[in-house]
Amino acid sequence: MQQSDKVKEIKNQIVEHWENKNSVLLISSKGTLKTSIVQQLAKEKNMELVFYNLPLGFGEKYLEGLTRNLIRCSEASSKKFILFFDNLSKMSGDDFETFLDIIENRKIGNFNIPENVNIVCAAIIGIGEGDFTFNAKKHLSELKKVFSVIEIKPDEIIDCWLN
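Residues numbered from 1 in each chain as written. Predicted model: local features only at pLDDT ≥ 70, side-chain atom pairs only at ≥ 80, totals over all residues. Heavy atoms only, no water.

Caption draft 1: Seen up close, the pairing of strand 1 (residues 23-28). Counting buried positions along strand 1 gives six out of six residues, so the element sits mostly inside the fold. For strand 1 and strand 7 (residues 147-151), the ladder comprises five bridges, and the chain directions are parallel. Each residue of the ladder has a partner; that of I27, found in strand 7, is E151. Across five bridges, strand 1 lies against strand 6 (residues 117-124) in parallel orientation. Directly across from L25, in strand 6, lies its bridge partner C121. (Buried < 20%, exposed > 50% of the residue type's maximum accessible area, 1.4 Å probe, protein only. Helix = DSSP H or I, 4+ residues; strand = E, 2+ residues; numbered from the N terminus. Pairing = 2+ DSSP bridges.)

Spelled out as structure tokens, the structure:
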């Protein structure tokens, strides 16, 4: 992906929010480079990337697995890393409160998410949002309470697709 000025600006915004200890939510239409931007940022900043596609429903086993992986990553590396929850729009509405609690309190059960973990989440709002169970747009005001939200406008990054 050739990097446009807009993509650089988005990555700078993400880092700025992290410096202020905020989790970041990227919102945009389907296929607008949200995942690619996070992957590229991890590489540029020499950060580990722990990538999770949010399932239609996550229960105790999912949360236990997430906790185990976070512990393993924390013990294996002193580097900062990105905990990236992709496809928020695939999440079950029943899990929404649990998810918000994890982000807001940086805690999964009794496990505190380490300080060297920066949280990013991606959600589809706009073209393609009707394909999923969870409507992030409907819950945007609640999401803004626990996330710094960055909206990616497709027309502003179209040059990345064309180059």
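Caption draft 2: Up close: the side chain of K34. When you line up the elements, K34 lands in helix 2 (residues 34-44). The charged side chain of K34 is buried without a salt bridge, its nearest counter-charge being D86 at 6.5 Å. Residues contacting K34, with those up to four places away along its chain left out, are L26, I27, S28, S29, A122, A123, I124 and I152. (Lys, Arg positive; Asp, Glu negative; His and termini not counted. Salt bridge = Lys/Arg side-chain N within 4 Å of Asp/Glu carboxyl O. Contact = heavy atoms within 4.5 Å.)

Caption draft 3: Highlighting unusual backbone geometry. The backbone of K21 shows a phi angle near 65°, a positive value even though the residue is not glycine. Along the chain, the position of K21 falls in the loop between helix 1 (5-19) and strand 1. K21 sits in the exposed class, given a relative accessible area of 64%. The phi dihedral of R106 falls on the positive side, at around 50°, and the residue is not glycine. Tracing the backbone through its elements, the reader meets R106 in the loop between helix 4 (96-105) and strand 4 (107-108).

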